[in-house]
Amino acid sequence: MLFTLVVVLAGCTNTPPPPVVSSPIAQTSTPPANTPSQITVSLDDIAGGYNPHHNADLSTVTSALSAMLLPSVFRPDEEGEPTLDKNLMTSAEVISEDPFTVRYEIRPDASWSDGAPIAVEDFAYLADAMKNQPGVVDKAGYRLISAIQPGEGGKRVEVTFSERYPGWKSLFDNLLPSHLLKDAPGGWQGALADSFPAYGGPFAVKTLDKERGEIVLERNERYWEKPAAVDRVVLRSSDQSGMVNALRTGNDQFALGNFDGTGLDLLAGLGKEVETHTVARPYFAETLLRPVGTLADDQVRAGVAALIDRDKLIAEGTKGSPMRELRAGAHVMPPSDSGYEPTLPPSGSPRDVTPKRAQQLLTAAGYEKEAGTWAREGKTLSVVVASPGQQEPYASIATELSRQLTSAGIEVTTVNPPSRELFSSLLASPVSTDPEDQSTTQSGTVVVDIAVVPQPISADPASTLASAFGCGPGWDSEEDASDTTVTPANPAAFCDEVLQPTIESALTGDEPLDETLSTVEPALWQANIAIPLFQLADTLAIGSSVAGVSSGPPMTGPFSSAVNWTRAQR
């Protein structure tokens, strides 16, 4: 059933004060002086986009900027439990079970850096995008929203859901300035692609220079709560040897990056002057075998999966970094979670490469191996493998995967489209589920058979499950049974009419998550839809010249406490 997002605004919100006209973000070729009131941080990369709600933009720098620039209703505490952020909110509570309704009260003084109030319009803008736009992160909970109504001059927000939703506290993080983005060129897909038009946190962007590899943040003088302890935070991109040298000389106060085995040895050489931690990110590296085109045939998909050496993919992606200790053996729960238990089958694919099994399956599907290449009725077994641009570790994993399949006799085309094109178009376009229709989508673009991509992890595991593997709104098995062209509800293009009621029951709290996972996890492994590889993670290296920096709450990182950072007295 489809639900309509209703936003009642007329006569309910005060007209905001005229926005303060701010000058465009200045560009500078001269780095700011390294003063006692500046914290300098090394990152692997500072290139955008910066939209934390877009799969294409998932990165360390996006998480860092979101934590320092954007307001959230709830933030994780030290145990990872969602806690109301009283810097933004006065309250948020369930006021009705039928229909399930949540009332949010925003602080009267909370405003964007241009003077516009943070209000109901920002909630509605985000909810609408998350319900309707392709390529977004964790959309399942937002799809349950049926109406949003304002009150108290726009500072009260009442959100009504079509079903009970126990995971409601996972919604409305990293609110965006709707008054500046809703009519901006490029729409949602262009939102935060290159910069931030306004801020609702303790910092503001002074300069953002991708070519120099530097972002300079300064204290947001319009922030209504506790001001940042330092005047300036500088984010600089660097390789791991550059990070180590900057820590050694004291030019950088800490580094957060993907240190491989060699980099970890370099860090160890700094001795006790540098404190290190592993900071897990809220997403997996995952290989999706999409049941469309060539791989719509279950036997073919299983045969291809049996040829994949998962251990080599993990080794290629982790390269001796701490991520090798975060091997993902389940589709929903991350290995960094205290309740994590692997669900990976004890033997066979994908735990082991099984060439004989692959041969049986492909032969049963009508393929024969001729001159080292699999073919059926004179047509070569061919797949397209995609990764988001040249982003690592996905590009390297995709290259290794392509090598494995090619050596096994499958023709492979490897593509690296820009991240936003991959998630918003190629993995979201209408595609054919007919195995004979292998080449293009309905819109004429190439069908992606296998994608090596990040898989987001929500604060609510049931939402992770529904967003990654649930069917889209309005899905009807009888209506769609004769239609071989579908619009994917998730990047995996997966929708199972048997599993869907169970997935929905977990999302609405009608069935305990443990019971749902005991049914769904084995079914997902058997379907050969997704092969989770490992959880992404960074190494945090903190020098002795900074105070107040920690690894932060689980899967959050150090930037959530940036308002309290200071230069240490030496």
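Above this text sits the structure in question.
In short, a report on the structure. (Residues numbered from 1 in each chain as written. Predicted model: local features only at pLDDT ≥ 70, side-chain atom pairs only at ≥ 80, totals over all residues. Heavy atoms only, no water.)

**A short note on the overall build of the protein**
When helices and strands are tallied, the protein shows 16 helices and 24 strands. Looking at the protein as a whole, 54% of its 570 residues are labelled buried. In the protein, the proportion of contacts linking residues at least 24 apart, taken out of those at least 6 apart, comes to 72%. Taken as a whole, the protein presents about 23,400 Å² of accessible surface, with 48% of it coming from carbon and sulfur. (Helix = DSSP H or I, 4+ residues; strand = E, 2+ residues; numbered from the N terminus. Buried < 20%, exposed > 50% of the residue type's maximum accessible area, 1.4 Å probe, protein only. Contact = heavy atoms within 4.5 Å. Areas by Shrake-Rupley, 256 points an atom, 1.4 Å probe, with all protein chains shown as cover.)

**A word on the sheet that holds strand β13 (residues 275–289)**
Overall, mixed pairing links the ten strands, which are arranged β9-β10-β11-β2-β12-β22-β13-β20-β17-β18 in an open sheet. Of all strands in the sheet, those bounded by a partner on one side alone are β9 (203–209) and β18 (411–415). Going from strand to strand, the sheet's axes swing by 25° on average, the running direction of each strand aside. Here seven bridges tie β13 to strand β20 (residues 450–456), and the two strands are oriented antiparallel to one another. By the bridge assignment, tyrosine 283 is partnered in β20 with proline 456. The strands touched by helix α11 (residues 394–407) within the sheet are β13, β17 (382–386), β18, β20 and β22 (530–542), with β20 carrying the most contacts at an inclination of about 145°. (Pairing = 2+ DSSP bridges. Axes fitted to C-alpha atoms, helices over the stretch in contact; angles between N-to-C directions.)

**Looking at the nonpolar core**
Formed by 106 residues in total, the largest nonpolar core has its most connected members in Tyr104, Phe161, Phe172, Leu235 and Phe559. Tallying contributions element by element places helix α2 (residues 120–132) first for this core, with eight residues. Not counting chain neighbours up to four residues away, the residues in contact with phenylalanine 172 comprise Ser72, Val73, Tyr104, Phe123, Leu126, Ala127, Tyr142, Ile145 and Val159. (Core = buried A, V, L, I, M, F, W, Y, C linked by side-chain atoms within 4.5 Å.)

**Focus: the state of the cysteines**
Under the definition given, this model contains one disulfide. The disulfide partner of cysteine 471 is cysteine 495, and the gap between their sulfur atoms is 1.9 Å. The disulfide joining cysteine 471 to cysteine 495 has a torsion of about 95° about its S-S bond and is therefore right-handed. Remark: cysteine 495 occurs in the loop between β21 (485–486) and α15 (500–507) and cysteine 471 occurs in the loop between α13 (461–469) and α14 (477–480); sequence separation between them is 24 residues. (Disulfide = S-S within 2.5 Å.)

**So, the pattern of salt bridges**
Counted according to the given criterion, the structure contains 19 salt bridges. For glutamate 105, the salt bridge goes to arginine 156, with nearest N and O atoms at 2.6 Å. Note that glutamate 105 is positioned in strand β6 (residues 100–106) and arginine 156 in strand β8 (residues 156–161), a separation of 51 residues in sequence. For glutamate 105, a relative accessible area of 16% translates into the label buried. Among the salt bridges present, the one from lysine 319 reaches glutamate 316, with a minimum N-O distance of 3.1 Å. Classification of glutamate 316 as partly exposed rests on a relative accessible area of 28%. The network of salt bridges with shared partners includes Glu105, Glu152 and Arg156. (Salt bridge = Lys/Arg side-chain N within 4 Å of Asp/Glu carboxyl O.)

**Quick notes on the packing of helix α8 (residues 298–305) against helix α10 (residues 355–364)**
At a minimum axis distance of 8 Å, the contact between α8 and α10 shows a crossing angle of 160°. Looking at the two axes, α8 sits roughly antiparallel to α10. In the packing of α8 onto α10, the handedness of the crossing is left-handed. Mapping the contact onto sequence places Gln299, Val300, Ala302 and Gly303 in α8 and Ala358, Leu361, Leu362 and Ala364 in α10. Along the lines of polarity and charge, the residues of the contact of α8 with α10 split into six nonpolar, two polar and no charged. (Parallel < 35°, antiparallel > 145°, perpendicular 65-115°, else oblique. Left-handed = near helix turned anticlockwise from the far one by under 90°. Nonpolar A, V, L, I, M, F, W, Y, C, P; charged D, E, K, R; others polar.)

**Thoughts on unusual backbone geometry**
Between serine 349 and proline 350 the backbone carries a cis peptide bond, its omega angle lying at 5°. The topology assignment puts proline 350 in the loop between α9 (310–318) and α10. For the bond from glutamate 392 to proline 393, the omega torsion is 10°, close enough to zero to count as cis. Tracing the backbone shows proline 393 in the loop between β17 and α11. Positive phi is not limited to glycine here, since leucine 192 has a value of about 60°. If you check the backbone angles, alanine 371 has positive phi at about 55° while not being a glycine. You can see alanine 371 is positioned in the loop between β14 (368–370) and β15 (373–376).

That is the geometry; function is a separate question.
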